[in-house]
Amino acid sequence: MDPISMRLVADDIIMAALREDITFEDVSTASVCPAARPAEVQLIAKGDGVIAGLDVFARTFALLDPQTRIEATVADGDEVVAGQRLAIVRGDARVLLSGERVALNFLQRMSGVATYTRRMTLALEGTGTVLVDTRKTTPGLRVFEKAAVAIGGGRNHRYNLSTAVMLKDNHIDAAGGVAAAVSAARAHASFTCTIEVECENLDMVREAAEAGADIIMLDNMGHDAMREAIELIAGRAKTEASGNVDASNIRALADLGVDYVSSGALTHSAPILDLSLKHLRMLDAEAAR
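Residues numbered from 1 in each chain as written. Predicted model: local features only at pLDDT ≥ 70, side-chain atom pairs only at ≥ 80, totals over all residues. Heavy atoms only, no water.

Going by what an unreviewed UniProt entry lists, the chain is known as Nicotinate-nucleotide pyrophosphorylase [carboxylating] and is assigned to Parolsenella catena. Word for word, the UniProt comment on the chain under Function (unreviewed entry) is "Involved in the catabolism of quinolinic acid (QA)." Per UniProt, the chain has the following entry under Subunit (unreviewed entry): "Hexamer formed by 3 homodimers." (UniProt positions renumbered as here; feature names shortened; annotations may be inferred.)

Spelled out as structure tokens, the structure:
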């Protein structure tokens, strides 16, 4: 994440997490480290996966003390293996101890999303289909989770409700039909906004294509119905397959020839990548430089 975005967006999220973890003092750390002392600790992978979020990890410590230094031997997007040392963190021992859990929570979560995304993208190799995420993210952590999807090799769908038009079943019901919903969106939204329509059957697909939708989502449709829908659309709109997509079925969807496959599982079901800060060692002032 670039430095401006980090300050404008990420810092508030990180500080909220730090305040959640330390309401007035870290009692454990204050007990064993009543004064500043230089130290270092190692970041170790406890599982195999893709690392993501090193900048957020480093920023967590920097917000507690700007003098904290991270020497990483890997970069975001690298594959790591269990037992591998990924970085050394140096700084005030109190900062290393107090920031440890929050920094690891962000890094583990983002690395887990990137790892699962990498697995899904590998299943798409050799196809023209692009894997995208959804808005099914952890409240407050969307910016980090979507960044992790990109690091893992996926692409981001719309960031939020303000960035594009997506007409779902309830929007269509409210408007009185697919064509009416598309027409209303064209009249209201900026010309820079794409209009996507979520379709559950071939009649809706036909109506969306004729109404001039930019993207047609084939939502929870059967394999044969999707194939027929793609033929019906005939290039008039981009196509997106969605609904219960995971690593077991994504290749079959891509083989249909859809442009995009969206998967909420990338962010709502990815397990963390287990990481740990271990072997804290106190330093003398000269070694800490």
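Chemist: Explain the overall build of the chain here, please?
Modeler: When its secondary structure is counted, the chain shows 11 helices and 12 strands. The principal-axis extents of the C-alpha atoms in the chain amount to approximately 75 × 40 × 25 Å. In the chain, which comprises 289 residues, the share counted as buried stands at 47%. Residue pairs at least 24 apart in sequence account for 70% of intrachain contacts in the chain once pairs closer than 6 positions are excluded. Surface summary for the chain: the accessible area is close to 14,100 Å², and the carbon and sulfur share equals 50%. Within the chain, one finds 29 positive and 40 negative side-chain charges whose respective centroids are separated by 5 Å. (Helix = DSSP H or I, 4+ residues; strand = E, 2+ residues; numbered from the N terminus. Buried < 20%, exposed > 50% of the residue type's maximum accessible area, 1.4 Å probe, protein only. Contact = heavy atoms within 4.5 Å. Areas by Shrake-Rupley, 256 points an atom, 1.4 Å probe, with all protein chains shown as cover. Lys, Arg positive; Asp, Glu negative; His and termini not counted. Charge placed at Lys NZ, Arg CZ, Asp CG, Glu CD.)

Chemist: What is the right way to read the domain arrangement of the chain from this model?
Modeler: The figure often quoted for interface size is the accessible area lost as the parts come together. Per the domain assignment, the segments making up the chain are domain 1 (3-120 + 272-282) and domain 2 (121-269). Listed by partner, the interface residues are 20 residues for domain 1 and 27 residues for domain 2. Together, the buried faces of domain 1 and domain 2 total about 1,800 Å²; carbon and sulfur atoms form 71% of this surface. When the buried area of domain 1 at its contact with domain 2 is split by residue, Arg109, Thr117 and Met120 rank highest and sum to 37% of it. Summed over the shared surface of domain 1 and domain 2, the result is one salt bridge. Salt-bridge contacts for Arg109 lead to Glu145; the nearest nitrogen and oxygen are separated by 2.9 Å. Counting across the interface, domain 1 meets domain 2 through 10 residue pairs in polar contact (both at pLDDT 80 or more). Counting residues per element, the ones that place at least two in the side of domain 1 that touches domain 2 are helix 1 (3-21) and helix 4 (93-122). Top element by residues in the side of domain 1 that touches domain 2 is helix 4. It accounts for 10 residues. Within the side of domain 1 that touches domain 2, the residues separate by chemical class into 13 nonpolar, three polar and four charged. (Domains from an automatic or database assignment. Buried area = accessible area lost by both parts, 1.4 Å probe. Salt bridge = Lys/Arg side-chain N within 4 Å of Asp/Glu carboxyl O. Polar contact = N/O pair within 3.5 Å; in protein donor to acceptor, adjacent residues only side chain to side chain. Nonpolar A, V, L, I, M, F, W, Y, C, P; charged D, E, K, R; others polar.)

Chemist: Mind showing me how you'd approach the side chain of Asp11 here?
Modeler: Among the structural elements, Asp11 can be located in helix 1. In contact with Asp11, other than residues within four places in its own chain, are Met6, Arg59 and Leu63.

Chemist: Where do I start with the UniProt feature "domain: Quinolinate phosphoribosyl transferase C-terminal" (unreviewed entry) in the chain in this structure?
Modeler: Taking the numbering used here, the UniProt-annotated feature "domain: Quinolinate phosphoribosyl transferase C-terminal" (unreviewed entry) corresponds to residues 113-278. Within the segment residues 113-278, helix and strand shares are 41% and 17% respectively, and the terminal C-alpha atoms sit 23 Å apart.

Chemist: Would you take a moment to explain the pattern of salt bridges for this structure?
Modeler: Should the charged atoms of two oppositely charged side chains come close, the side chains can pair. Inspection of the entire model under this criterion finds 14 salt bridges. In this structure, Asp214 and Arg186 form a salt bridge, with 3.3 Å as the shortest nitrogen-oxygen distance. With Asp214 in the loop between helix 8 (202-211) and strand 9 (215-219) and Arg186 in helix 7 (residues 178-188), the pair connects residues that are 28 residues apart, well separated along the chain. Residue class for Asp214 comes out partly exposed when judged on its relative accessible area of 28%.

Chemist: Even after reading the chapter, I still don't get unusual backbone geometry, so can you show me in this structure?
Modeler: Apart from glycine, the bulk of residues carry a negative phi angle, and the bulk of peptide bonds sit in the trans form. A positive phi angle is found at Asn220, which is not glycine, with a value near 55°. Inspection of the secondary structure assignment puts Asn220 in the loop between strand 9 and helix 9 (223-233). Looking at Asn220, the relative accessible area reads 48%, which means it is partly exposed. A positive phi angle, close to 50°, is found at Ala234, a residue other than glycine. With respect to the secondary-structure elements, Ala234 resides in the loop between helix 9 and strand 10 (238-242).

Chemist: Help me understand the pairing of strand 9, please; the structure alone is not making it clear to me.
Modeler: On a regular strand, one side chain projects to one face of the sheet and the next to the other, so that they alternate. Along strand 9, five of the five residues are buried, which leaves the element largely enclosed by surrounding structure. Crossover connection from strand 8 (residues 195-199) via helix 8 to parallel strand 9: handedness right-handed. Pairing of strand 9 with strand 10 involves five bridges; the strand directions are parallel. Counterpart to Leu218 in the pairing with strand 10 is Ala241. Note that the unit made of strand 9, helix 9 and strand 10 has a crossover that is right-handed. (Right-handed = clockwise from strand over helix to strand, strands pointing away. Pairing = 2+ DSSP bridges.)

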